Amino acid sequence: MTIHHLNCGTLHPPSQLLVNGRGSLTAPATLVCHCLVVQTGKYWTLVDAGLGSADLRNPRDRLGDTFLRRVRPALNPAEPAITQVQALGIDTHDVRSIVLTHHDVDHVGGIADFPWASVYASRAQMDLIIPALRKDMVRRLHPVQWSHAPQWKPVTLSETWRSRPSFRLNDSLSLVALDGHIEGHCAVVIDRENKPPLIHAGDAVMDVKTELFGGRAPLGLRAFQHMTRTDARAWRESRAWLKECVEDGIDVICAHEPHPRLSGAR
Ligand SMILES: [Zn+2]
């Protein structure tokens, strides 16, 4: 199995020290939008979609002033998933599926570059936007990013993986409930041959190396988590569950940590 790790959107929020935990208080920090391109049989699946090419062309309408002001995306034309998939020599039409942890603007923008792909997310997450955007999500989620009418595939989490609701999408990929950041937020679990699974934890944690290894995330990331989470108790439970996964040797990455280390011993 081949897994490519992509950064589909460099972000530069204020303060290296407060966000990256080291460096200058006043210099800009660096975060990423970590996406995966996973070979699933003959085809490929994109895990989270980052910022897409339309977001770069029209950032104010698609990403919104608040996002632009708070996290100051680099808007680098080399970063959308479609550009990186082409650079890897993969036929973009072979990306048949996209699996989203959730629909925040920095996770969903790239789906418009793959209009032929089926887009999977939990039914609870899809319920926020289908048939229409739920009113309390108007400030947070941006329907212009899915105005191309994607092939939504809401997923009912009718199974269980390590005691959490889940659904296996194919031989190697599962969605697993990881609540707290936003309703219906999920992890994507990738089963690998001869290795422990890899979990893409989305925004359930922001800094694996501290949050899942007995430390505390830098203050700026903690403030961001506090501002954006919709259920504090569920968020704490999700993080505790991820800690157990790490203790059992499972590799965990999250969406925005730059230079992630795979957490397991392998
Ligand atoms: Zn995010």
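Up top you'll find the structure we're talking about.
Rules behind the numbers
- Residues numbered from 1 in each chain as written.
- Predicted model: local features only at pLDDT ≥ 70, side-chain atom pairs only at ≥ 80, totals over all residues.
- Heavy atoms only, no water.
- Core = buried A, V, L, I, M, F, W, Y, C linked by side-chain atoms within 4.5 Å.
- Buried < 20%, exposed > 50% of the residue type's maximum accessible area, 1.4 Å probe, protein only.
- Helix = DSSP H or I, 4+ residues; strand = E, 2+ residues; numbered from the N terminus.
- Contact = heavy atoms within 4.5 Å.
- Pairing = 2+ DSSP bridges.
- Axes fitted to C-alpha atoms, helices over the stretch in contact; angles between N-to-C directions.
- Donors = N, O, S within 2.8 Å, 3.2 Å for Na, K, Ca; no water.
- Arc of directions from axis to C-beta.
- Patch = residues over 30% accessible without salt bridge, like charges linked within 9 Å, V, L, I, M, F, W, Y side chains within 5 Å.
- Areas by Shrake-Rupley, 256 points an atom, 1.4 Å probe, with all protein chains shown as cover.
- Salt bridge = Lys/Arg side-chain N within 4 Å of Asp/Glu carboxyl O.
- Polar contact = N/O pair within 3.5 Å; in protein donor to acceptor, adjacent residues only side chain to side chain.

A short note on the nonpolar core
Then comes step 1: Counting residues in hydrophobic clusters, the biggest one holds 28 residues, and the most contacted among them are L46, I98, L100, I111, F114 and W152.
Then comes step 2: Among the elements that take part in this core, helix 5 (residues 81-87) stands out by supplying 3 residues, more than any other.
Then comes step 3: Those residues in contact with L100 that lie beyond four places of it in its chain are D48, A49, H107, V108, I111, V119, Y120, A121, W152 and L175.
Then comes step 4: Listed in part, the 18 residues of the second largest apolar core include V176, A187, V205 and L242.

Regarding the sheet that holds strand 7 (residues 159-161)
Then comes step 1: Strand order in the open sheet made by the 6 strands is 7-8-9-10-11-12, with mixed pairing throughout. Sheet topology places strand 7 and strand 12 (251-253) at the edges, where each strand pairs with a single neighbour. On average, adjacent strands in this sheet sit at an angle of 35 degrees to one another, irrespective of strand direction.
Then comes step 2: Two elements, strand 8 (residues 164-168) and strand 9 (residues 173-177), share 3 bridges in a ladder whose sense is antiparallel. Along strand 9, the bridge assignment pairs R168 with S174.

A word on the coordination of the zinc ion
Then comes step 1: For the zinc ion, the protein coordination sphere consists of D106 (OD), H107 (NE2), D203 (OD) and H256 (NE2), at 2.0 to 2.4 Å.
Then comes step 2: Taken in sequence order, the residues that donate to the zinc ion follow the motif D-H-x95-D-x52-H. Taken together, the residues D203 in the loop between strand 11 (198-200) and helix 8 (208-211) and H256 in the segment after strand 12 connect sequence positions 53 residues apart.
Then comes step 3: For D203, a relative accessible area of 2% translates into the label buried.

As for helix 9 (residues 219-228)
Then comes step 1: Those residues of helix 9 lying buried are L221, Q225 and T228. Viewed along the axis of helix 9, the buried residues span an arc of 80 degrees, placing them on a single side of the element. In helix 9, the exposed positions that point more than 90 degrees away from the buried face belong to L219, H226 and M227.

Brief notes about unusual backbone geometry
Then comes step 1: P131 follows I130 through a cis peptide bond whose omega is 5 degrees.
Then comes step 2: Along the chain, P131 turns up in the loop between helix 7 (123-126) and strand 6 (151-155).
Then comes step 3: A positive phi angle, near 45 degrees, is found at R72, a position not held by glycine.
Then comes step 4: Following the sequence through the fold, R72 ends up in the loop between helix 4 (65-71) and helix 5.
Then comes step 5: Relative accessible area serves as the criterion here: at 38%, R72 is assigned to the partly exposed category.
Then comes step 6: Of note, H259 is a non-glycine position whose phi angle comes to about 50 degrees, a positive value.

Observations concerning a nonpolar patch on the surface
Then comes step 1: A contiguous nonpolar patch, built from L17, L18, L25 and L219 and spanning about 350 Å² of accessible area, is present on the exposed surface.
Then comes step 2: Within the element layout of this structure, L17 appears in helix 1 (residues 16-20).
Then comes step 3: When its relative accessible area of 38% is taken as the criterion, L17 is described as partly exposed.

Some words on the side chain of R192
Then comes step 1: For R192, the position within the fold is in the loop between strand 10 (186-190) and strand 11.
Then comes step 2: Taking relative accessible area as the criterion, R192 reaches 12% and is therefore assigned buried.
Then comes step 3: A polar contact of 2.8 Å, which involves the side chain of R192, links it to the backbone oxygen of P196.

A closer look at the sheet that holds strand 3 (residues 43-47)
Then comes step 1: Pairing within the open sheet is mixed, and its 6 strands lie in the order 1-2-3-4-5-6. Edge positions in the open sheet fall to strand 1 (3-7) and strand 6, since each of these has one partner strand only. Looking at each pair of strands side by side, their axes are set apart by 25 degrees on average, direction ignored.
Then comes step 2: Alignment of strand 4 (residues 95-99) against strand 5 (residues 118-122), held across 3 bridges, turns out to be parallel. Paired with V99 across the two strands is Y120, which belongs to strand 5.

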